[in-house]
Structures are given as C-alpha cells and as structure tokens.
Amino acid sequence: MYKPNSLRAHLTAAIPDLKRNPDKLLVFVDKGSLRTTRTASRSFEYSYVLNVIVTDYGGDEDALMVPLLDWVTVHQADLLGNEDKSNKGIRFIVDFNNHDSVDISLELDITERVIVNQTGNKLDITHAGEIAATPEYTAPFWQLYNGNNLLAEWQVLNPAQDNG
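Presented here is a report on the structure given in the accompanying data block. (Residues numbered from 1 in each chain as written. Predicted model: local features only at pLDDT ≥ 70, side-chain atom pairs only at ≥ 80, totals over all residues. Heavy atoms only, no water.)

Moving on, we come to the overall build of the protein chain. Looking only at helices and strands, the protein chain features 4 helices and 7 strands. Sequence-ordered secondary structure for the protein chain, helices as α and strands as β, is α-α-β-β-α-α-β-β-β-β-β. Looking at the 164 residues of the protein chain, the share that counts as buried comes to 35%. Expressed as a percentage of contacts within the protein chain between residues at least 6 apart in sequence, the contacts between residues at least 24 apart total 59%. Put simply, the protein chain shows about 10000 Å² of open surface, and 51% of that area lies on carbon and sulfur atoms. (Helix = DSSP H or I, 4+ residues; strand = E, 2+ residues; numbered from the N terminus. Buried < 20%, exposed > 50% of the residue type's maximum accessible area, 1.4 Å probe, protein only. Contact = heavy atoms within 4.5 Å. Areas by Shrake-Rupley, 256 points an atom, 1.4 Å probe, with all protein chains shown as cover.)

This is the structure:
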C-alpha cells in the first residue's frame with residue numbers, strides 16, 4: 001500500500017504546522033480487506049479506511065482540508081462528485097482541546113488496485129494508477145490564502161510521479 005505514505009508526505013509538505021511538527025500527524029489503516037475476482041489472475045485490490053489524525057492542531061482547518069481534497073483528486077477521485085461516496089467517503093471528527101488547538105480525525109475510504117503478471121516462474125506487481133480527473137488536474141503548485149495570510153502550500157503530483 002502506498003497511499004498512506006503518499007498522503008502523509010503530501011500533508012506534511014503542505015501544512016506549515018505539520019512541516020514543523022511531523023509527529024502531530026498519525027496515519028492508520030483500518031478495516032482492511034482484499035478483493036479478488038476468483039479468476040486465474042493473482043491481481044487484487046486493497047480496500048481500507050485510511051484514518052488520519054492530526055493532534056494539537058492550531059492552524060486553520062481549511063489549511064488541512066484543501067490540500068487533503070487536492071490529494072484525493074489525484075489519488076482517490078471517485079470520492080469526489082459521486083453523491084453516494086462523496087457524502088460518506090470522507091468523514092471527520094474534531095475534538096476541541098482548548099481555545100488554541102484541536103485534534104482532527106479524518107477517515108477516507110481508499111482502494112488500491114494491484115496488478116500481478118506472471119512470466120514463467122516470475123511474478124511482477126504493479127500498483128495501478130487512478131483514472132485521471134477530467135479536465136486533467138495539472139497545476140504544479142498551489143498556495144492557500146485567507147486574505148493575506150498564507151495557510152498552506154503544496155505541489156500536486158500525479159500518481160506516476162508520487163512514489164509514496
């Protein structure tokens with residue numbers, strides 16, 4: 001599974017509070033399962049809930065959500081624009097610690113297809129990329145502002161560029 005590490009790297013690079021304190025970002029894989037087709041192929045799909053927890057977060061929640069949605073656009077686009085999944089595929093809980101910080105728990109329904117090809121006695125695996133968004137999401141760099149206040153900045157990579 002490469003998506004958990006990919007999201008961790010993306011959020012840590014994008015959000016100044018997490019860049020300074022990467023240990024505030026916790027990532028877990030919950031409710032994991034494998035899907036297969038019962039054919040001769042060894043290919044399969046991981047299906048799991050990606051649980052992302054940001055502890056003692058003192059930043060603007062939008063500075064977390066916008067980079068998260070950009071990552072989802074590239075890595076799990078079916079969660080966006082699909083009424084059934086977009087209402088349930090990304091969930092969050094916020095615990096207010098005090099007047100200065102919160103703990104935010106995000107849950108994302110994630111799938112990762114793994115293609116297994118056999119050549120003689122050799123098995124090769126490939127993590128299949130996601131279907132590209134239409135129109136293609138190609139802006140190389142983004143900055144998120146609230147007025148003149150820079151909240152976050154990040155680079156958008158397509159799955160082929162993102163090695164997790």
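Another aspect to go through is the pairing of strand β2 (residues 44-57). As paired elements, strand β1 (residues 25-35) and β2 share 9 bridges and run antiparallel to each other. Each bridged residue has a counterpart across the sheet, and for L25 the counterpart in β2 is V54. (Pairing = 2+ DSSP bridges.)

Let us look at the pairing of strand β6 (residues 141-146). Pairing geometry for β6 and strand β7 (residues 149-155), over 6 bridges, is antiparallel. What sits directly across from N146, in β7, is N149. Once β6 ends, the chain turns through 2 residues before running back antiparallel as β7, passing G147 with a positive phi of about 70°.

Looking now at unusual backbone geometry. Non-glycine residue K31 carries a positive phi angle of around 50°. The class for K31 is exposed, based on a relative accessible area of 70%. Phi angles above zero are rare outside glycine, and D56 is one such case at about 50°.

For helix α3 (residues 61-75), spanning 15 residues, the distance from its first C-alpha to its last is 21 Å, which sits close to the expected 21 Å at 1.5 Å a residue. Of all the 15 residues making up α3, 11 are buried; the element is thus mostly covered by neighbouring parts of the structure. Buried residues along α3 sit in contact with α1 (3-14), β2, β3 (90-96), β4 (102-119), β6 and β7. Backbone nitrogen of D62 and a side-chain oxygen of the N-cap are separated by 2.7 Å at the start of α3; the cap is D60. (Expected span 1.5 Å × (residues − 1). Polar contact = N/O pair within 3.5 Å; in protein donor to acceptor, adjacent residues only side chain to side chain.)

Moving on, we get to the nonpolar core. The biggest cluster of nonpolar side chains holds 28 residues, and the ones touching the most others in it are L11, L50, V52, Y57, L64, L106 and L108. When residues in this core are grouped by element, the largest group, 6 residues, is from α3. If near-sequence neighbours (up to four positions away) are discounted, L108 is found in contact with Y48, V49, L50, V52, L68, W71, V72, G89 and I90. (Core = buried A, V, L, I, M, F, W, Y, C linked by side-chain atoms within 4.5 Å.)

This paragraph deals with α1. Because an α-helix completes one turn every 3.6 residues, residues spaced three or four positions apart along the sequence face the same direction. Here α1 is 12 residues long and its end C-alpha atoms lie 16 Å apart, about the 16 Å a rise of 1.5 Å per residue gives. Those residues of α1 that fall on the buried side of the exposure criterion are K3, P4, S6, L7, H10, L11, T12 and A14. Those residues of α1 hidden inside the fold are in contact with α2 (16-20), β1, β2, α3, β4 and β7.

Once that is clear, we can look at the packing of α1 against α3. Put simply, α1 and α3 touch, their axes get as near as 10 Å, and they point 145° apart. Crossing of α1 over α3 shows right-handed handedness. Two secondary-structure elements touch here, α1 through K3, S6, L7, H10, L11 and A14 and α3 through L64, P67, L68, W71 and H75. Class assignment of the residues belonging to the contact of α1 with α3 gives a composition of 7 nonpolar, 3 polar and 1 charged. (Axes fitted to C-alpha atoms, helices over the stretch in contact; angles between N-to-C directions. Left-handed = near helix turned anticlockwise from the far one by under 90°. Nonpolar A, V, L, I, M, F, W, Y, C, P; charged D, E, K, R; others polar.)

Here S43 shows up in the loop between β1 and β2. A distance of 2.9 Å separates the side chain of S43 from the backbone nitrogen of V116, its partner in a polar contact. Among all residues touching S43, those that are not within four sequence positions of it are T36, V114, I115 and V116.

Any functional reading would require information that these geometric values do not contain.
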